[in-house]
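Descriptive analysis of the structure
Residues per chain, in single letters:
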Amino acid sequence: MSEKKKQVINKFTDLFGEPECIVRSPGRANIIGEHVDYCGGLVLPFAIEQSMYFCLRSNNTKDINFHSVDYDETYIIKEGKLNYAKEWCKYFNELIKLLDRRGLKVIGVDIAFGSDIPIGGGVSSSSALCCGLLLLLDQKFNLSLSIDEMIELAAEIEHGIGLKGGNMDQTSILVGKRGYAVLLDCETKEYSYIALNLEDHFFILFDTNVKHTLVDTEYNIRRTQVEHALKLVRKEYGADQTFRNTNLEQIKFIKESHPFYYKRIRHVLNEIKRVEEAVFSIKNQDARLLGQLMNMSHASLTGDYEVSCEQLDFLAGKLQLHEQVLGARMMGGGFGGNVIALMTKELSQKQMVELREAYRNNFGYDFRVIKVSPSNSATIVEANQ
Ligand code: GLA
């Protein structure tokens, strides 16, 4: 059993008694398809083993006790009156408001949660929190929410907090399957599973330790920019134009007049194509091609989309030079967070020491290494599992 799960159950039992319901909600990694989910593009993420764990039981009062095991703090909501604005409580407040608008008053429960997902590290701890809470409350209050409804609600919570994200994170967390990546078409919301049997290859995250909440970055600005770029394309070719039926040739007309929008939209169109090629490479067991596509994705996110940062470029650049790294790219919203690397073998101790020293000399702090593999979706679990 995961150490974190044990810790959350023990703390919950000390504070509130035996849990009635336990939920595990994983983080997510993304092989390729970055900054295209909110453009109706294709993405190829997977749920990871590292997870958030939640325990719940009724307390027969009108109050909610919401305890963070990691911060060792309890947020008490007396008779439904939301009051606390600390970062980790914001998502919970937003969820309570959302369910309230749907006519459901959440009261009378004790909840504790804790996580071994690196927070603010680009593996979507916030979506794990939203999806996990929804699953927990769905179970407790018999809401009978479908997976699609949960995906939408979880995204709505994050929009409420101020992040105008897409639906990649919530979908991979709620439908992930061990051993598979999720090929998600963000336009139709349809998904299929792509078996990840890349024989001797595996994924490692190199966490820059640059922490952020995406709300404080230019994430939303990028979304506005590509929406504006699409408007220009529609003006030229008609209202049916989408990121999926537009090609590079068609956007040439803005290259001179709007070079900036041209770059943004070029990333989106190329990245969607790379996802198609990545699926092809995985099906053909061609890890080298997959690695090359990942490298190209990084270059595009840095040059055309400008969502990378010095630390991400440094790590991706250095990693790409190693023989056992087939590809390395920034992952997630950017401006910090992780580089995901496709590897054939771990870096040797000497290579790792050199990389650590170089990183520390440049930035004054270390990076973190996290091994990730495709795991199952968020789910109700047993205490002893
Ligand atoms: C964040 C958002 C996602 C997606 C990625 C970038 O993780 O939550 O919806 O846009 O950034 O691909």
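The shown structure was predicted, so the numbers you read here are calculated from the model rather than taken from an experiment. (Residues numbered from 1 in each chain as written. Predicted model: local features only at pLDDT ≥ 70, side-chain atom pairs only at ≥ 80, totals over all residues. Heavy atoms only, no water.)

The final tally for this structure, using the stated rule, is 19 aromatic pairs. Ring centres of Phe66 and Trp88 lie 5.7 Å apart, and the angle between their planes is 40°; on these two criteria the pair is classed as tilted. Here Phe66 is found in strand β4 (residues 64-68), whereas its partner Trp88 is found in helix α2 (residues 87-101), with 22 residues between them in sequence. Exposure class is identical for Phe66 and Trp88. Each is buried. Ring centres of Phe66 and Phe113 lie 5.2 Å apart, and the angle between their planes is 15°; this geometry places the pair in the stacked category. Of this pair, Phe66 sits in strand β4 while Phe113 sits in strand β6 (residues 109-115), and the two are 47 residues apart along the sequence. What makes Phe66 buried here is its relative accessible area of 0%. Following the ring pairs from residue to residue traces out a cluster consisting of Phe54, Phe66, Tyr71, Trp88, Phe92 and Phe113. The ring of Tyr193 carries Lys177 above its face, with NZ or CZ at 4.4 Å from the centroid. Above the plane of the ring of Phe367 lies Arg356, whose end atom (NZ or CZ) is 4.6 Å from the centre. (Phe/Tyr/Trp six-rings, centres within 6.5 Å; stacked < 30°, edge-to-face > 60°. Helix = DSSP H or I, 4+ residues; strand = E, 2+ residues; numbered from the N terminus. Buried < 20%, exposed > 50% of the residue type's maximum accessible area, 1.4 Å probe, protein only. Lys NZ or Arg CZ within 6 Å of the ring centre and 35° of its normal.)

Examined at the domain level, the protein chain breaks down into domain 1 (3-197 + 375-381) and domain 2 (202-220 + 263-371). For domain 1 versus domain 2, the distance between C-alpha centres works out to 26 Å. Interface area, domain 1 with domain 2, both sides summed: about 2,900 Å², of which 68% is carbon and sulfur. Per-residue buried area on domain 1 facing domain 2 is highest for Ile32, Glu34 and His35; these three make up 23% of the total on that side. The tally of links from domain 1 across to domain 2 stands at one salt bridge. (Domains from an automatic or database assignment. Buried area = accessible area lost by both parts, 1.4 Å probe. Salt bridge = Lys/Arg side-chain N within 4 Å of Asp/Glu carboxyl O.)

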